[in-house]
Amino acid sequence: MRNKQEIVNALLAARSASPSKQACSFAPVNIALCKYWGKRDAELNLPNTSSLSVTLAPLGTNTTISLIDQADVVLLNCREQQASTPFSRKLVAFLDLFRTKENFYYLVDTENNIPTAAGLASSASGFAALVKALDQLHGWNLSTIELSILARLGSGSACRSIEEGFVEWQAGTRPDGMDSYGILLPERWPDLRLGVLTISTQEKAISSRQAMSITAATSTLYESWPRQVSKDMVSLKKAIAEQNFDLFGETAERNALAMHATMLSSWPPVFYWLSQTVEIAQKIWKLREEGLPLFFTMDAGPNIKLLFLQKNQQEIESQFKDVKVITPFN
Ligand code: 2P0
């Protein structure tokens, strides 16, 4: 089993469908603290390494889906999308995996409540919400593991958005990826805060999908990435279990910087930082030297996500006027 259709068929084989008219589901955005960067299988979105993230509900995607008679209809934030848009094409290609004679066309209405200006990606929450809505619509009753596997086929990081909280995506070793899915960690951390600093919302010149492929193929530093991840996964899980914020922040920041270092040593080089990104990173390091427990992480883009605790929220809001503070465990 090495293609998406075979995986979907295998997961749905024993399911008796009892479809309803309409279904609606929510999935949260997630931010990786130990990143997913590089694939062992590009078709199935199987990662080279495990990763660990935290979800940011209530920020995420609400998706309503129904079966209709003629041709798919796709709405994004209340606007109908032309079939030729990249958004529609990606979504319809994913729906193709689930069509039968009886369930042929879908109306998909997707709403992201993530402010566009936040610079947070919505593809993970989008595919996770879609898979959950499909499951409800058809009455398949899939487990969270099966939902996570299906979401991963849409976009790798979507497998970490099925459940809410700290989620570990275990890389797995099987060629069919049946052991590669997100697992919810039991711990919650109510005092944890994330602060989004949006530096640019321009579409990136190079997608993370392309960037991770160039990095894995050409970066000499990428050889050390699996070792970095192994260490960071252990430290992060310990930090979360003990609510050790310094260990947590240091590990997440180091992991993000290591990921960006692997990109910079690719050829052609991949560099998402802007001058303002550098300025803010230096400001964070200075504030930390002065005693403020503040760390950051970054994804495949120039925006910075601050990591801090509730007791320092006021100080951080006064230092960073435009910060949007998120409480992951509300
Ligand atoms: C992550 N990123 O762990 C990493 C860190 C970006 C930087 O997962 O090709 O959209 O659909 O599997 O999941 C973004 O990559 O890539 C991502 P595909 P995806 O959050």
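Further up the page is the structure itself.
Note that the coordinates shown come from a computational prediction; the quantities given were computed from them, not determined experimentally. (Residues numbered from 1 in each chain as written. Predicted model: local features only at pLDDT ≥ 70, side-chain atom pairs only at ≥ 80, totals over all residues. Heavy atoms only, no water.)

Caption draft 1: Here's a closer look at the overall build of the protein. A count of helices and strands for the protein gives 9 helices and 13 strands. Computed over C-alpha atoms, the radius of gyration of the protein comes to 20 Å, within 12% of the 20 Å expected from 2.2 N^0.38 for 330 residues, which places it in the range of a compact globule. Its C-alpha atoms put the protein at 65 × 40 × 40 Å along the principal axes. If you sum the accessible surface of the protein, you get close to 15,000 Å²; carbon and sulfur atoms cover 50% of it. Distance between charge centroids for the protein: 2 Å, based on 32 positive and 33 negative side chains. (Helix = DSSP H or I, 4+ residues; strand = E, 2+ residues; numbered from the N terminus. Rg over C-alpha atoms; globule rule 2.2 N^0.38 Å. Areas by Shrake-Rupley, 256 points an atom, 1.4 Å probe, with all protein chains shown as cover. Lys, Arg positive; Asp, Glu negative; His and termini not counted. Charge placed at Lys NZ, Arg CZ, Asp CG, Glu CD.)

Caption draft 2: Structural context of the packing of helix 3 (residues 123-138) against helix 4 (residues 144-154). Direction vectors running N to C along helix 3 and helix 4 enclose 130°, while the axes themselves pass 9 Å from each other. Judged by the angle between their axes, helix 3 and helix 4 are oblique. Relative to helix 4, helix 3 is oriented so that their crossing is right-handed. For the pair helix 3 and helix 4, contact is made by Phe127, Ala128, Val131, Lys132 and Asp135 and by Leu147, Leu150, Ala151 and Gly154, respectively. Its residues assigned to classes, the contact of helix 3 with helix 4 comprises 6 nonpolar, 1 polar and 2 charged. (Axes fitted to C-alpha atoms, helices over the stretch in contact; angles between N-to-C directions. Parallel < 35°, antiparallel > 145°, perpendicular 65-115°, else oblique. Left-handed = near helix turned anticlockwise from the far one by under 90°. Contact = heavy atoms within 4.5 Å. Nonpolar A, V, L, I, M, F, W, Y, C, P; charged D, E, K, R; others polar.)

Caption draft 3: Fine view of the pattern of salt bridges. The final tally for this structure, using the stated rule, is 12 salt bridges. The residue Glu146 makes a salt bridge to Arg15 at a minimum N-O spacing of 3.0 Å. Here Arg15 lies in the loop between helix 1 (4-12) and strand 1 (22-34) and Glu146 lies in helix 4, a separation of 131 residues in the sequence. Overall, the relative accessible area of 16% leaves Glu146 in the buried class. Arg15 gets classed as partly exposed once you look at its relative accessible area, which sits at 28%. Linking Arg174 and Asp176 is a salt bridge whose minimum nitrogen-to-oxygen distance equals 2.7 Å. Assessed through its relative accessible area of 41%, Arg174 is described here as partly exposed. Ionic contacts of the salt-bridge type, sharing partners, join the residues Lys35, Asp299 and Lys305 into one network. (Salt bridge = Lys/Arg side-chain N within 4 Å of Asp/Glu carboxyl O. Buried < 20%, exposed > 50% of the residue type's maximum accessible area, 1.4 Å probe, protein only.)

Caption draft 4: The arrangement of the pairing of strand 10 (residues 192-197) in detail. Most of strand 10 sits out of view: 6 of its 6 residues are buried. Note that strand 10 and strand 12 (residues 304-309) share 6 bridges and pair antiparallel. When the sheet's bridge partners are listed, Val196 is paired in strand 12 with Lys305. As judged from the 3 bridges shared by strand 10 and strand 13 (residues 324-326), these two strands associate in the antiparallel manner. Note that in strand 13 the partner of Leu194 across the bridge is Ile326. (Pairing = 2+ DSSP bridges.)

Caption draft 5: Layout of helix 3. With 16 residues, helix 3 extends 22 Å from end C-alpha to end C-alpha; this agrees with the ideal 22 Å at 1.5 Å per step. Counting buried positions along helix 3 gives 14 out of 16 residues, so the element sits mostly inside the fold. Once helix 3 finishes, Gly139 follows within two positions and takes phi at roughly 65°, a positive value. (Expected span 1.5 Å × (residues − 1).)

Caption draft 6: Fine view of the site of the ligand. If you check the shell around the ligand, you find 17 residues, and the closest are Tyr36, Lys39, Ser155, Ser157 and Arg209. Contacts to the ligand include Tyr36, whose side-chain N or O atom sits 2.6 Å from an oxygen atom. Here an oxygen atom of the ligand sits 2.7 Å away from a polar atom, N or O, in the main chain of Gly156. The element that contributes the greatest number of residues to the shell around the ligand is helix 5 (residues 208-218), accounting for 3 residues. Among the residues forming the shell around the ligand, the class breakdown is 6 nonpolar, 6 polar and 5 charged. (Near = heavy atom within 4 Å. Polar contact = N/O pair within 3.5 Å; in protein donor to acceptor, adjacent residues only side chain to side chain.)

Caption draft 7: Representation of the sheet that holds strand 13 in the model. Strand order in the open sheet formed by 4 strands is 11-12-10-13, and the pairing between neighbours is antiparallel. Only two strands of the sheet have a single partner each, and these edge strands are strand 11 (295-297) and strand 13. Recorded for the sheet is a direction-independent mean angle of 30° between the axes of neighbouring strands. The sheet strands contacting helix 7 (residues 245-264) are strand 10, strand 11 and strand 12, and the helix crosses strand 11 at an angle near 40°.

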